[in-house]
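A structural walkthrough
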Amino acid sequence: MDDPVTAVTGRPRRLGGLRDVFGGVSAISVKELRGRMRGKRAFVIITIHLLLVAGFAWMVETLMERTLTSGFGGTFSASADIGRALFVAMLILLTLIVLVLAPASTAGAISLEREKQTLDLLTTTPISSLAIVVGKLLSALSWILLLLLASIPVTALVFTFGGVGPDDMIKGYVVLLVTALFYGSVGLFVSALVKRTQAATVINLVVVIALTAGTGFIFIFWSTMTNNGFMPNGGRDTGFIDSLGKRPPEALLWFNPFIAQMDVICGTETGFGGSCAVISAITNNQAALGNGGFDNGFVQPRDSYWPRAAAAMIITSLVLIVISVQLVSPTRRWRIRRRRRAPVDAPAA
Amino acid sequence: MSIVKATGLVKRYDRTLAVGGLDLDVPEGEIFGLVGPNGAGKTTTLRILSTLLVPDAGDAEIAGASVRRNPNDVRRVLGFMPDSFGVYDDMKVWEYLDFFARCYGIPADRRRRMIGDLLDLVDLGPKRDNYVQGLSRGMQQRLCLAHTLVHDPQVLLLDEPASGLDPRARVELRELLRELRSLGKTILVSSHILPELEELCTSVAIIDRGQVLAQGRVAEIEQRLRVGAVFRARVLGHVDEQEAARAWFAAQPDVVTADLLDDGTIEIGFHGDDEGSARLLAQAVGAGLRITTFSRAASDLEELFLQVTAQDPVPADIAAGPPPAQTGWTIQ
């Protein structure tokens, strides 16, 4: 028999640096996407996603139409109002979908490899830990990107009503993508940190709730206490406690994509925009509102908040990716001290 | 020439010393067996050699590349099959190999041919389009072995490759490893199933409590240690005849013990080489003993293992004390 191994494979190419990483990312992404897109599953998920999005859009449109055309016979800007309401509803729904899917797509990325005992096979190849982490994240993000792309025709229905420009839609989708990146990175980090996928999924859910509803609640509570003159230390200067007597920082809400989308929605508003008022309150940007903080529709704090929130999410994502790479690497330098057991030789067959 | 060389490897998990100053020298082209009981340090040693663990002290070189300094170079020259490995769901057999070939940066045109040839080598050609999770344990084992070969490595590290396999699959695996050796691969294989290693390996290292107690060819170690063998003989006749035969054996030089077992078998503790055992049998027949069977009671490697580990050369405090400064020892 010929030498089937040496005759065919030859030595692998020695790739260098970035090319090596790209090769690894490509290998991981191809493998992950093959799994995700195989069979009817992907088709069924995209169909359900589109039915949900389209059905929701239809319901919002019908609701707004009934509301605006009843009573006094409607307004001259009814069509634009429907368009804006539809846009708001779509952004909220898509943000919710991304918040659910992004961490769920990456929750098992590393922990499943550990559970299935495939991580050792992977880490003994020359593929770098960076390539493993980035490849996993990219494949999860490309799956979410596919769902978002599929929703664009439905979201684009707002253009038939008016009130929303293409630039508003682009901004909304940029926030959605950044949200997917951030929550995907959070999911990946938790997956690399925790051994079990079940635990990683639960932790991710808690993190999502904490960073959205939790931060929102804390902000409202903090603001209310401050506005009411509540001082936890009774007015004495005690450093940290005293700082709680001041306004809550807007950074508290940077990882809450709903607030970032409010800023995007604010950009579409021409009247007494509720979302603009919220953003003004969060950023404490009274001057931007003009007229002493009254939103008159001429001077608005447009695009003042979401770029900062997006930048914060991107930077934090990069930090989480770097830490995840360290957690995946078998020869990592930074180790969290925890008790480990020696690998036990296999029991008798 | 050594292709795998470990010097003074130490690995500690919290207060447990898994490997305590281990030296290993694996010549090129051998099927080298790591023999030892559960918890002896075989898996830790293999995981250090495969760059999955960083040793606390010492170093190892594989084909001249250091596992500490150049782990990536080491990964390019070795294929590792862990003792317990999983398979990816939703992946076909060819996709499994294709994925690992991509990990090694093998170009697309070579991948297709290589996958076909590797599947033929491990006898999984007809299963090419089957899902990996649908394969039997033996087939998955062979597929995992095939994945270690996608980059044509010089060294294969196989941790308990036959565990969980049925006898037929074991024989097939053994044949496959022999074939790989004939292709020029050096194979380092760990197991605690000694007869299996004995049939397969050209050299062995006996490991216990994180140290190599003896290494080399089985016959050489045996010679160095002057290890004896246990033979079992069956003699025709009544109990008196069997008792007389036992007494005859007991009186022979090089026979340490001779016991008559309940089933009529005589167990002979013999301290001699193959020449001596052949002479003993000839003399027994010449003395008129009606012998029906005369065979070794256990494998050489088993005896060797028991003898070597019974000498208990590892310091008693090794499991709890600080890492020893010495670089392990071998029986030379």
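Residues numbered from 1 in each chain as written. Chains lettered and ligands numbered in written order. Predicted model: local features only at pLDDT ≥ 70, side-chain atom pairs only at ≥ 80, totals over all residues.

Observations concerning the overall build of chain B
Per the secondary structure count, chain B includes 11 helices and 14 strands. Expressed as a percentage of its 332 residues, the buried residues of chain B come to 47%. Considering only intrachain contacts with a sequence separation of at least 6, the fraction spanning at least 24 residues in chain B is 71%. (Helix = DSSP H or I, 4+ residues; strand = E, 2+ residues; numbered from the N terminus. Buried ≥ 20, exposed ≤ 12 C-beta atoms within 10 Å, placed from the backbone. Contact = placed C-beta atoms within 7 Å.)

Points about the overall build of chain A
Looking only at helices and strands, chain A features 15 helices and 0 strands. Scored against the burial criterion, the 349 residues of chain A give a buried share of 39%. Across chain A, contacts joining residues at least 24 apart in sequence account for 77% of those joining residues at least 6 apart.

Details of the packing of helix α9 (residues 166-193) of chain A against helix α15 (residues 306-328) of chain A
Residue and element names in this part refer to chain A. Relative orientation of the contacting elements α9 and α15 amounts to 25°, with a least axis distance of 8 Å. One way to sum up the angle between α9 and α15 is to call them roughly parallel. Between α9 and α15 the crossing geometry is left-handed. When the residues that make up the contact of α9 with α15 are grouped by side-chain class, the tally is 19 nonpolar, 5 polar and 1 charged. (Axes fitted to C-alpha atoms, helices over the stretch in contact; angles between N-to-C directions. Parallel < 35°, antiparallel > 145°, perpendicular 65-115°, else oblique. Left-handed = near helix turned anticlockwise from the far one by under 90°. Nonpolar A, V, L, I, M, F, W, Y, C, P; charged D, E, K, R; others polar.)

Let's talk about unusual backbone geometry
The phi dihedral of Gln 117 of chain A is positive, around 60°, even though this residue is not glycine. As for its placement among the helices and strands, Gln 117 of chain A is situated in the loop between α5 (111-115) and α6 (119-123).

Structural notes on the pairing of strand β2 (residues 16-27) of chain B
Residues and elements named next belong to chain B. Of all 12 residues making up β2, 9 are buried, and the element is well covered by its neighbours. Relative to β2, strand β1 (residues 2-13) runs antiparallel, the two sharing 9 bridges. Across the sheet, residue Ser 2 finds its bridge partner in β2, namely Pro 27. Remark: 2 residues form the turn of the hairpin made by β1 and β2, two consecutive strands paired antiparallel; Asp 14 in that turn has positive phi of roughly 50°. (Pairing = 2+ DSSP bridges.)

A short note on the nonpolar core
Core analysis: the biggest nonpolar cluster contains 160 residues, and Ile 144 of chain A together with Val 35, Leu 118 and Leu 188 of chain B have the highest contact counts within it. Broken down by element, the residue count for this core peaks at 13 residues, all from α9 of chain A. Look past the residues within four positions of Val 35 of chain B in its chain and what remains in contact with it is Leu 194, Leu 197, Val 204, Ala 205, Ile 206, Ile 207, Leu 301 and Phe 305 of chain B. (Core = buried A, V, L, I, M, F, W, Y, C linked by C-beta atoms within 7 Å.)

Here's the deal with the environment of Leu 211 of chain A
Residues and elements named next belong to chain A. Position of Leu 211 among the secondary structure elements: in helix α10 (residues 197-227). Once the C-alpha coordinates of Leu 211 and Ile 323 are considered, the two residues, 112 residues apart in sequence, prove to be 20 Å apart. In contact with Leu 211, other than residues within four places in its own chain, are Phe 255 and Asn 256.

A short note on helix α1 (residues 42-49) of chain B
Residue and element names in this part refer to chain B. When you tally the buried positions in α1, you get 8 out of 8 residues, the bulk of the element. Of the residues making up α1, those classed as buried are Lys 42, Thr 43, Thr 44, Thr 45, Leu 46, Arg 47, Ile 48 and Leu 49. Thr 51 sits one or two positions beyond α1 and adopts a positive phi of about 70°.

Remarks on the sheet that holds strand β12 (residues 255-260) of chain B
Two orientations exist for strands paired in a sheet by backbone hydrogen bonds: parallel and antiparallel. Residue and element names in this part refer to chain B. On the basis of which strands lie adjacent, the open sheet formed by 4 strands has the order β12-β13-β11-β14 and antiparallel pairing. The open sheet has two edge strands, β12 and β14 (291-296), and neither has a second partner. Averaged over all pairs of adjacent strands, the angle between their axes in this sheet comes to 20°, without regard to strand direction. Taken together, the 5 bridges between strand β11 (residues 229-235) and β14 define a ladder with antiparallel strand orientation. In the strand pairing of β14, Val 235 is matched with Ile 291. In the packing of helix α9 (residues 239-250) onto the sheet, the strands contacted are β11, β12 and β13 (265-270), and the crossing angle to β12 comes to about 170°. Seen against the sheet, helix α10 (residues 274-286) touches β11, β13 and β14 and runs at an angle of roughly 170° to β14.

Quick look at the pairing of β11 of chain B
Along a regular strand, successive side chains alternate from one face of the sheet to the other. Residue and element names in this part refer to chain B. Burial along β11 is one-sided: the residues Ala 229, Phe 231, Ala 233 and Val 235 are buried and none of Val 230, Arg 232 and Arg 234 is. In the sheet, β11 pairs with β13 via 6 bridges, with the strands oriented antiparallel. Bridging from a neighbouring strand, Phe 231 pairs with Ile 268 of β13.

With respect to the sheet that holds strand β4 (residues 57-62) of chain B
Residue and element names in this part refer to chain B. The strand order across the open sheet built from 4 strands is β2-β1-β4-β5, with neighbouring strands paired in antiparallel fashion. Either end of the sheet is taken by a strand with one partner, and the two such strands are β2 and β5 (65-66). Each of β1, β2 and β4 touches α1; the most contacted strand, β1, lies at about 115° to it.

A few points about the confidence of the model for chain B
The share of residues in chain B with pLDDT of 70 or more is 89%, and the mean pLDDT across the chain is 83. Contacts from residues 313-332 of chain B, a stretch scored under 50 in pLDDT, to residues over four places away or in other chains number 41 contacts. (pLDDT = per-residue confidence, 0-100.)

Let's talk about the confidence of the model for chain A
Residues and elements named next belong to chain A. For chain A, the average pLDDT comes to 80, and 75% of its residues sit at 70 or higher. The spread of mean pLDDT over the elements of chain A runs between helix α1 (residues 4-9), the lowest at 40, and α9, the highest at 95. Across residues 1-15 the pLDDT falls below 50, and counting only partners more than four positions away or on other chains, this stretch makes 37 contacts in the model. Confidence drops under pLDDT 50 across residues 287-298; counting only partners more than four residues distant or on other chains, this segment forms 23 contacts.

Here we look at the packing of helix α3 (residues 41-69) of chain A against helix α7 (residues 129-155) of chain A
Residues and elements named next belong to chain A. The contact between α3 and α7 brings their axes to 10 Å, and the two run at 35°. When the axes of α3 and α7 are compared, the crossing they make is right-handed. Within the contact between the two elements, α3 uses Ile 46, His 49, Leu 50, Val 53, Ala 54 and Ala 57 and α7 uses Leu 147, Ala 150, Ser 151 and Val 154. In terms of residue class, the contact of α3 with α7 is built from 8 nonpolar, 2 polar and no charged.

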